[in-house]
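Structure assessment
So you can see what is in the structure, the chains are spelled out below.
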Amino acid sequence: MQRILLAILLAVLPQLVMPAWAQPASGGPAPSGDAKPATAAPPVGSAKPAAPAAGEPAKPAYAVTGFRSAKFGMTEAEVRGAIHKDFAVKPDDIRATPNAIERTTALIVSLPSLDPGPGAATAVFILGYQSKKLIQVNVQWAHDGAAGKADTAPYLVAGVQLVNYFNQFSWRDGRVNLGIPIGPASLLLFGGEDDKTGAVQVLAEGVTVERKAEGQLEAAPQAGVPVSLRVSYIADRLKPDIFRLEPGRF
């Protein structure tokens, strides 16, 4: 079983408390398309990166507005047009899958490759329950072989590249969540919130994680669990547009 050491800007960061919106969703954004928007709650703990040295330019603020040409608030027709523009896929290559529990609809497209992840990717564009407009985008790379047998390194390397990309920007209150084990086989590589209601998370699943000296993490495939890497763009981490029973109904 291959093990890989990650030094993803963690040397000076403590173990952090998970924001609820970044908890992995059961039956969530998977290649099957039964994608679940993250539920909302502000983070109860995070780390504030050191201030830039004198003379260094301030990081630009990141605004979570969607993924590429697909912007939050677009209608289904507009999202389909954005997918075609970005990936040149045929209309029949975009599959619409309802989520019976949350009463959302996922537009799913399979891509033969997408940087920086290894191999094929699945992009899931989620339309809200009431608005019928884009509320979340999940992009996932997943190993399609035997669970627990995949080479974890390419997924974690791609995850680190995504962390480095998002860490070029500033986030709400200057805080981000980095390298947090959030389950027996899940690692939140990055979690950030913008100054409005948007959020981004980068999640690796199917790995076991052990924290080593100087903030490094040692990760290895988790036996019996498929390896995957997912980046999620969330429009409203506080009040996602999904079906919920109103208080007092039962």
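Residues numbered from 1 in each chain as written. Predicted model: local features only at pLDDT ≥ 70, side-chain atom pairs only at ≥ 80, totals over all residues. Heavy atoms only, no water.

Remarks on the nonpolar core
Using the following cut-off: Nonpolar cores were defined as sets of buried Ala, Val, Leu, Ile, Met, Phe, Trp, Tyr and Cys residues, with membership established by side-chain atoms within 4.5 Å. Under the scheme applied here, a residue whose accessible area is under 20% of the maximum for its type counts as buried, over 50% as exposed, and between as partly exposed, the area being computed with a 1.4 Å probe on protein chains only. Helical segments are the DSSP runs of H or I of at least four residues, strand segments are the runs of E of at least two, and each set is numbered from the N terminus. For this analysis, residues touch if any pair of their heavy atoms sits within 4.5 Å.
Counting 46 residues, the largest nonpolar core has F125, F166 and Y233 as its most contacted members. Counting residues per element, this core draws most heavily on helix α2 (residues 153-166), which supplies six residues. With near-sequence residues (within four places) excluded, F125 lies in contact with F67, A70, V79, I83, F87, T105, A106, L107, V109, L134, Q136 and V137. Counting residues in hydrophobic clusters, the runner-up holds five residues, among them I108, V124, I126 and I135.

A few points about the pairing of strand β13 (residues 228-234)
Note the threshold: Pairs of strands are assigned from DSSP output, requiring at least two bridges between the strands.
When you tally the buried positions in β13, you get seven out of seven residues, the bulk of the element. Side-chain alternation along β13 places S228, R230, S232 and I234 on one buried face and L229, V231 and Y233 on a second face that is also buried. The pairing of strand β10 (residues 199-205) with β13 spans seven bridges and is classified as antiparallel. The residue of β13 that forms the bridge with L203 is R230.

Overview of the side chain of N138
Test applied: For the purposes of these results, a polar contact is taken to be a pair of N or O atoms within 3.5 Å, where, inside protein, one atom must be able to donate a hydrogen and its partner to accept one; residues adjacent in sequence count only when each atom of the pair is a side-chain atom.
With respect to the element layout, N138 can be found in strand β7 (residues 134-142). A polar side-chain atom of N138 sits 2.9 Å from a polar atom in the side chain of Q136.

Some points on the confidence of the model for the chain
The condition is simple: pLDDT is defined as a per-residue confidence score from the predictor, taking values between 0 and 100.
On average, residues of the chain score 80 in pLDDT, and 70% of them reach the 70 mark or higher. Note on residues 7-46: pLDDT is under 50 here. Beyond four places in sequence and across chains, it has 120 contacts.

Overview of α2
How we decide: The span one expects for a helix is its residue count, reduced by one, times 1.5 Å.
Across its 14 residues, α2 extends 20 Å between first and last C-alpha, which sits within 8% of the 20 Å expected from 1.5 Å per residue. Regarding α2, the residues found buried are A153, Y155, L156, A158, G159, V160, L162, V163 and F166.

Comments concerning the packing of aromatic side chains
This is how the line gets drawn: Aromatic rings from Phe, Tyr and Trp, with only the six-membered ring used for Trp, were paired whenever their centres fell within 6.5 Å, and each pair was classed as stacked if the ring planes differed by under 30 degrees, edge-to-face if by over 60, and tilted otherwise.
Going through the model one piece at a time under the given rule, you end up with twelve aromatic pairs. Considering the side-chain rings of F67 and F87, the 6.4 Å spacing of their centres and the 25° angle between planes classify their relative orientation as stacked. Residue F67 is located in strand β2 (residues 66-67), and its partner F87 is located in helix α1 (residues 76-87); the two are separated by 20 residues in the primary sequence. The two residues F67 and F87 agree in class, both being buried.

Regarding the pairing of β10
Of all the seven residues making up β10, six are buried; the element is thus mostly covered by neighbouring parts of the structure. Summarising the sheet, strand β9 (residues 186-193) and β10 pair through seven bridges and their orientation is antiparallel. Bridge assignment links L188 to a residue of β10, and that residue is L203. Between β9 and β10, which pair antiparallel and follow one another directly, the connecting turn spans five residues.

Side note on the sheet that holds β10
Defined as follows: Each axis is a line fitted through C-alpha atoms, taken for helices only over the stretch in contact, and angles between the N-to-C directions span 0 to 180 degrees.
Taken in spatial order, the eight strands line up as β4-β5-β6-β7-β13-β10-β9-β8 in an open sheet, and their pairing is antiparallel. What marks the edges here is a single partner per strand, and that holds for β4 (95-99) and β8 (176-183). Taken over all neighbouring pairs, the strand axes of this sheet differ in orientation by 20° on average, direction set aside. Sheet topology places β8 next to β9; six bridges connect them, and they run antiparallel. Within β9, the position partnered with P181 by the bridge is L187.

With respect to the pattern of salt bridges
Under the convention used in this document: We count a salt bridge whenever a side-chain nitrogen from Lys or Arg sits within 4 Å of a carboxyl oxygen from Asp or Glu.
Enumeration over the complete set of coordinates arrives at six salt bridges. Note that R172 and E193 form a salt bridge whose closest N and O atoms lie 2.6 Å from each other. Of this pair, R172 sits in the loop between α2 and β8 while E193 is found in strand β9, placing the two residues 21 residues apart along the sequence. E193 gets classed as buried once you look at its relative accessible area, which sits at 5%. The residue D194 makes a salt bridge to R237 at a minimum N-O spacing of 4.0 Å.

Considering the side chain of R230
With respect to the helices and strands, R230 occurs in strand β13. Residue R230 is classed as buried on the basis of its relative accessible area, which comes to 5%.

So, α1
Rules: To be clear, the arc concerns the directions from the helix axis to the C-beta atoms.
With twelve residues, α1 should reach 16 Å at 1.5 Å per residue; the first-to-last C-alpha distance of 16 Å fits that figure. Residues of α1 that are buried: V79, A82, I83 and F87. Burial along α1 is one-sided: seen end-on, the buried residues are contained in an arc of 100°. Opposite the buried face of α1, by more than 90 degrees, sit the exposed residues A77 and K85.

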